[in-house]
Amino acid sequence: MDKVLSVHDMNVTFALHQSEVRAVSELSFSLARGETLAVVGESGSGKSQAFLAIMGLLARNGHASGRAMLGDVNLIGMAPDALDQYRGRDIAMIFQDPMTSLNPSLKVKTQLAEVLVRHQQMDERKAQTEVIAMLERVGMPEPVKRANAYPHELSGGMRQRVMIAMALLCRPKILIADEPTTALDVTVQAQMLDLFKSLTNDFGTALVMITHDLGVVAGLADRMMVMYGGRAVEKGTTDQLFYDPRHPYTLGLLHSTPHVAKRARRLDPIQGLPPSLEHLPSGCAFHPRCAFRFEKCFVERPPLAEIGGGREKACWVDGPLQRREVA
Amino acid sequence: MDNRPDILRIENLGKTFSIGAALFSRPLTLTALQDISFTIRQGETLGIVGESGCGKSTLGRCILQLLTPDSGRVLWMGEDIASLPKEEMRKRRRDLQIIFQDPLASLNPRMTVGEIIADPLRTLMPELDAVARRAKVLKTMEAVGLLPEMINRYPHEFSGGQAQRIGIARALITDPKLIVCDEPVSALDVSIQAQILNLLADLKDEFGLTLIFISHNLSVVRHVSDRILVLYLGRMVELAEGDDLYEAPKHPYTRALLTAVPIPDPIRARQRTIDGLEGEIPSPINPPSGCTFRTRCRFAIGLCAEERPPLENTGHGLVACHRWKELELQPGA
């Protein structure tokens, strides 16, 4: 398969006053042209930090090691100036809250055109024409009028369209979307998910969808990577993970998700709380919340290992899972 | 369950806001709620859904008298709360509590957990002394799954889910009869969301609570609610039992909302077509004439622009649509 990004053994740490916290550990995955990968996990699972590290956007006390290969180029450890050749052009990222990513004092067309002027040395006039065409492509109503608006004059859904348009202007190979629909109404969310689907088809862009909402990824993602405590704990196709989850955490996420077509008297939540990265549990980090744990899980961390069918999981329990309560 | 008494009756409730206009120009009027009428039975959970700006939070706040409605009445156990003398109103306030969306933002960072939970007692149950207050706080903390040793800690030491438990304890401490839950799980991770929803269900059973559950998440609302009220631009468009609403929506907007809900099932999610709800909600400052949904409705006809559809009884609930009888809408999901 045509790989556009391969990440090998990536670690992300943050220096605190006295200590160091590891947000991402030994993460490896690859992304093929035009495919959609969902990265799923709770707050603190490391799902956002992993991709901020790839984009060179970690906070100042953050440090990344390992390799994130964009073709022959390793993005990890690259100086910001050098990274700017690739960011925006080859790999772009959008966030949950577009308002924090847009400059409130510039018109939409000005900040979007800047991307083309800077990366493709396009002249301003031509850039603005391109911008309006792209706004139209991402489904912005009245694109000419909105291009002349300021960000605060747009609705949340329109702002997210502006962000997507900005990210796609240079036709990047990879688009990373961090909870892009979490703040949106369900109707606008549905429009956005449709838009993502058509964009990956039309432009061949590989999409990384970072989210905690399994409903969002079910119809969109080709493959999934589930993260817990900074590590990938299960990887496989979307159908494999939804219909035959092999890691108890994946199973727990599925049972926690309410389904609009079914009314259950009670949901089946994962017990307990996500771990603090500063004090990760011994052995398997999920063992305090796990219904399937046994002695080994308390002391030895299961490695991420292939289990056939192109799948991987990090769990000592063999075979398919049946639902169980935490004893 | 239908023979339980009505505990709350809302009659023709309306609420407008003045939008501060530029100097020398007239202020604009935003109609947040118009002609809202419904009743809630004791022990029932009523879900209120709609997109942002539909008025669902304003409605919750008007019911609690945190906002003063411009028109209409809120009858709590047969009494118009707004017309009560101050002292009587304070007594009623014990019965009616609220839980907010952002648990950390709604807790005072300088107060300990114990102080936060006890706070409503100071004004609403001033007869309790310090010993009795502390005992009540501990009992409530236990009910919501907080450990007694957490009583002297501060909000920032808690995760979102734990903070929401503190918010629930604060609402529960006055022994309320009704709690308005305003997007109580929207800010939480999915595994924690399920814990809080189960907790609310348990508390409802244990204390015989009546709940108003406001959310934009239809999956969550379906899960917790007996009946569901759908709002659009400040008006009621449909009100029905949960199963009827989901299996046989009568209003095109309800149906559109349902088809937009993400389904956590890949095969069904791929097969499904979303009922094209084009565009975004019109401005509530200048709403469309007639039926306010007509600008996004693919069933709209000339009549819809001319006349506002009345709320009609369908036999299974209420719907405000000129064409509800002739449209055979499929279930949403």
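Quantities reported herein were computed from a predicted structural model and do not represent experimental measurements. (Residues numbered from 1 in each chain as written. Chains lettered and ligands numbered in written order. Predicted model: local features only at pLDDT ≥ 70, side-chain atom pairs only at ≥ 80, totals over all residues. Heavy atoms only, no water.)

(A) Layout of the overall build of chain B. Per the secondary structure count, chain B includes eleven helices and twelve strands. Computed over its C-alpha atoms, the radius of gyration of chain B comes to 21 Å, within 12% of the 20 Å expected for a compact globule of 333 residues. Structurally, chain B occupies a C-alpha span of about 65 × 55 × 50 Å along its principal axes. Considering only residue pairs separated by 6 or more positions, chain B has 67% of its internal contacts joining residues 24 or more positions apart. For chain B, the computed accessible surface area is about 14500 Å², with 50% contributed by carbon and sulfur atoms. Taken together, the 39 basic and 42 acidic charged side chains of chain B have centroids lying 3 Å from each other. (Helix = DSSP H or I, 4+ residues; strand = E, 2+ residues; numbered from the N terminus. Rg over C-alpha atoms; globule rule 2.2 N^0.38 Å. Contact = heavy atoms within 4.5 Å. Areas by Shrake-Rupley, 256 points an atom, 1.4 Å probe, with all protein chains shown as cover. Lys, Arg positive; Asp, Glu negative; His and termini not counted. Charge placed at Lys NZ, Arg CZ, Asp CG, Glu CD.)

(B) Quick look at the packing of aromatic side chains. Residues and elements named next belong to chain A. Tallying each qualifying case throughout the model produces seven aromatic pairs over all chains. Judged by centre distance (5.3 Å) and plane angle (65°), the ring pair of Tyr249 and Phe286 falls under edge-to-face. Here Tyr249 is found in helix H11 (residues 248–256), whereas its partner Phe286 is found in the loop between H11 and helix H12 (295–299), with 37 residues between them in sequence. A relative accessible area of 3% places Phe286 in the buried class. Ring pairing ties together the aromatic residues Tyr228, Tyr249 and Phe286, which thus form one cluster. Seen from the ring of Phe203, Arg171 lies directly overhead, with NZ or CZ sitting 4.5 Å from the centre. Directly above the aromatic system of Trp316 lies the positively charged group of Lys296, at a separation of 3.7 Å from the ring centroid. (Phe/Tyr/Trp six-rings, centres within 6.5 Å; stacked < 30°, edge-to-face > 60°. Buried < 20%, exposed > 50% of the residue type's maximum accessible area, 1.4 Å probe, protein only. Lys NZ or Arg CZ within 6 Å of the ring centre and 35° of its normal.)

(C) Representation of the sheet that holds strand E6 (residues 91–94) of chain A in the model. All names here are of chain A. Reading across from one edge, E6-E7-E8-E3-E9-E10-E12-E11 is the order of the eight strands in this open sheet, with mixed pairing throughout. Among the strands making up the open sheet, the edge pair consists of E6 and strand E11 (305–308). Averaged over neighbouring strand pairs, the angle between their axes works out to 20° when direction is ignored. Inspection of the sheet shows strand E9 (residues 223–228) paired to strand E10 (residues 231–237) by six bridges, in the antiparallel sense. (Pairing = 2+ DSSP bridges. Axes fitted to C-alpha atoms, helices over the stretch in contact; angles between N-to-C directions.)

(D) Just the domain arrangement of chain A, in detail. Residues and elements named next belong to chain A. As assigned here, chain A comprises domain 1 (3–90 + 172–313) and domain 2 (100–171). One C-alpha centre belongs to domain 1, the other to domain 2, and the line joining them spans 29 Å. Across the contact, 19 residues belong to domain 1 and 14 residues belong to domain 2. With both sides pooled, the region where domain 1 packs onto domain 2 buries about 1400 Å², and carbon together with sulfur makes up 66% of that total. Three residues stand out in domain 1 for area buried against domain 2, namely Pro172, Leu195 and Phe203, and they jointly supply 34% of the buried area on that side. (Domains from an automatic or database assignment. Buried area = accessible area lost by both parts, 1.4 Å probe.)

(E) Local environment of the domain arrangement of chain B. All names here are of chain B. Here the domain parsing of chain B yields domain 1 (6–20 + 30–232) and domain 2 (250–333). Using only C-alpha atoms to locate each centre, domain 1 and domain 2 end up separated by 29 Å. Tallying the contact residues gives 14 residues for domain 1 and 13 residues for domain 2. Here domain 1 meets domain 2 over a buried area of about 1200 Å², counting both sides, of which 64% is carbon and sulfur. For domain 1, the biggest contributors to the area lost against domain 2 are Glu51, Leu218 and Tyr232; these three give 52% of the whole. Connecting domain 1 to domain 2 are two salt bridges. Between Arg296 and Glu51 there is a salt bridge, and its shortest N-O distance comes to 3.1 Å. Between domain 1 and domain 2 we count three residue pairs in polar contact (both at pLDDT 80 or more) in total. Elements supplying a minimum of two residues to the side of domain 1 that touches domain 2: strand E2 (28–41), helix H7 (218–224) and strand E9 (227–232). It is E2 that provides the largest number of residues to the side of domain 1 that touches domain 2, a total of four residues. Grouping the constituent residues of the side of domain 1 that touches domain 2 by class yields seven nonpolar, five polar and two charged. (Salt bridge = Lys/Arg side-chain N within 4 Å of Asp/Glu carboxyl O. Polar contact = N/O pair within 3.5 Å; in protein donor to acceptor, adjacent residues only side chain to side chain. Nonpolar A, V, L, I, M, F, W, Y, C, P; charged D, E, K, R; others polar.)

(F) Seen up close, the nonpolar core. By size, the foremost hydrophobic cluster in this structure holds 69 residues, and its most contacted members are Leu112, Leu135, Ile164, Phe196 and Met209 of chain A. For this core, the leading source of residues is helix H7 (residues 156–168) of chain A, giving eight residues. Two domains each donate at least three residues to this core, and these are domain 1 (3–90 + 172–313) and domain 2 (100–171) of chain A. When neighbours within four sequence positions are excluded, Leu112 of chain A is seen to be in contact with Val131, Leu135, Val162, Ala165, Met166 and Leu169 of chain A. Within the second largest apolar cluster, 65 residues are counted, among which are Leu267 of chain A together with Val49, Leu200 and Leu209 of chain B. (Core = buried A, V, L, I, M, F, W, Y, C linked by side-chain atoms within 4.5 Å.)

(G) The arrangement of the sheet that holds E2 of chain B in detail. Pairing is antiparallel in the open sheet, where four strands are placed in the order E2-E1-E4-E5 (chain B). Where the open sheet ends on each side, the last strands, each with one partner, are E2 and strand E5 (79–80) of chain B.

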